[in-house]
Amino acid sequence: KYTFINKSQFNWDSTYISIFNDVDIGNGTCGSSDDAGGCDTIREMAFGYNGDNNDCSYGANPPSIGYRFLQSPLRYTGSSNDTTKLPYDTIIGYKATGLSSYYHIVNSAPYLCQSDPQLAIEAFNVMRGKDVCGNIKINPLSGQPTNFKYDGDACNRIGWLDSNSHNFRDFASSGPFAMNVSD
């Protein structure tokens, strides 16, 4: 469990929280160079798995990993129709931000806009569901803008999938939400 406090002198109106993960399944000669990843927008979860379902460390049944926000930040709406259920309370007039974007970075990507963020604005772009350069991602199957890269069904091999096994890192983000001074 983490607690974030705005100790600055300014209200923050576009705050994002991210889980950054460098998924490495296996080691040895094949290492993590044959991994793949994606996100499940229904379960609000990011995941990594072995891309070819065979690993030199684990064999024919390699493990996978999934990670998600157990409780995401709350966003005030003021609407009595919005209710957030917490383990200890039910709050009316708020919505959980949930998983709002997923970004997948290929290790040593040769394309500037798809590489690791080096500057604060580049990381902020990624947390907002854009590429490093701030461009909106387009789902190549639907042709529609999306904040979720590789949001297909990896188990049934349907939809936009990470089809090239590689070493990767990813951001699972939640936001935007406001944080006032001392929040």
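Refer to the structure presented above.
Residues numbered from 1 in each chain as written. Predicted model: local features only at pLDDT ≥ 70, side-chain atom pairs only at ≥ 80, totals over all residues. Heavy atoms only, no water.

1. Considerations on the sheet that holds strand S1 (residues 12-21)
The strands making up a sheet associate through hydrogen bonds between their backbones, and the pairing can be parallel or antiparallel. We count it as follows: Strands are treated as partners if at least two bridges between them are detected by DSSP. We count a stretch as a helix when DSSP gives it H or I for four or more residues in a row; a strand needs E for two or more, and each element gets its number in order from the N terminus. Every angle, taken between N-to-C directions, lies between 0 and 180 degrees, and every axis is a line fitted to C-alpha atoms, over only the stretch in contact when it is a helix. Whether two residues are in contact is decided by their heavy atoms: any pair within 4.5 Å suffices.
Reading across from one edge, S1-S12-S9 is the order of the three strands in this open sheet, with antiparallel pairing throughout. Of all the strands in the sheet, the pair left with one neighbour each is S1 and strand S9 (101-106). Strand after strand, the sheet turns through a mean of 25 degrees between neighbouring axes, direction not considered. Relative to strand S12 (residues 168-179), S1 runs antiparallel, the two being bridged by seven bridges. Looking across to S12, one finds that Ser18 is bridged to Ser173. On the sheet, helix H1 (residues 120-127) packs against S1, S9 and S12 and is oriented at approximately 85 degrees with respect to S1.

2. Examining the pairing of S12
Rules: Categorising residues by exposure relies on relative accessible area from a 1.4 Å probe, with only protein chains included: less than 20% of the type maximum marks a residue as buried, more than 50% marks it as exposed, and the intermediate range marks it as partly exposed.
Counting buried positions over the 12 residues of S12 gives 10, a clear majority of the element. The pairing of S9 with S12 spans six bridges and is antiparallel. When the bridges of S12 are listed, Tyr103 appears paired with Phe171.

3. Thoughts on the state of the cysteines
Our working definition: Throughout, a disulfide means two cysteine sulfur atoms within 2.5 Å of one another.
Within the structure shown, the criterion is met by one disulfide. Across a sulfur-sulfur distance of 2.0 Å, Cys113 and Cys133 are joined as a disulfide pair. The disulfide joining Cys113 to Cys133 has a torsion of about -95 degrees about its S-S bond and is therefore left-handed. With Cys113 in the loop between S9 and H1 and Cys133 in the loop between H1 and strand S10 (137-138), the pair connects residues that are 20 residues apart, well separated along the chain.

4. What about unusual backbone geometry?
Backbone geometry follows two general trends: most residues other than glycine have a negative phi, and most peptide bonds adopt the trans configuration. The omega angle of the peptide bond from Gly175 to Pro176 is -5 degrees, so this bond is cis rather than trans. For Pro176, the position within the fold is in strand S12. You will see that Glu44, though not glycine, has its phi angle at about 55 degrees, which is positive. Summarising the element assignment, Glu44 is placed in the loop between strand S2 (35-40) and strand S3 (45-50). Of note, Tyr150 is a non-glycine position whose phi angle comes to about 55 degrees, a positive value. Mapped onto the elements, Tyr150 comes out in the loop between strand S11 (145-146) and S12. The buried category is assigned to Tyr150, whose relative accessible area is 13%.

5. Quick notes on the nonpolar core
To keep things clear, this is the line we draw: Residues belong to one nonpolar core when they are buried, are Ala, Val, Leu, Ile, Met, Phe, Trp, Tyr or Cys, and are joined through side-chain atoms within 4.5 Å.
By size, the foremost hydrophobic cluster in this structure holds 10 residues: Val23, Ile25, Cys39, Ala46, Tyr67, Leu99, Tyr102, Phe148, Phe168 and Ala172. Judged by nonpolar contacts, the second largest core, of eight residues, contains Tyr103, Ile105, Val132 and Phe171.

6. A few points about the environment of Asp82
What counts, and what does not: Any N or O atom pair separated by 3.5 Å or less is treated as a polar contact, with the protein-specific requirement of one donor-capable and one acceptor-capable atom, and with residues adjacent in sequence counted only for side-chain atom pairs.
Looking at the secondary structure, you find Asp82 in the loop between strand S5 (74-76) and strand S6 (83-85). Each C-alpha atom, one on Asp82 and one on Ala96, is 9.3 Å from the other, the two residues being 14 residues apart in sequence. Ignoring anything within four residues of it in the chain, the contact list for Asp82 reads Thr77, Ile91, Ile92, Gly93, Tyr94 and Lys95. A polar contact is formed between the side chain of Asp82 and the side chain of Thr77, at a distance of 2.7 Å.

Remember, this is a structural readout, not a statement about activity or role.
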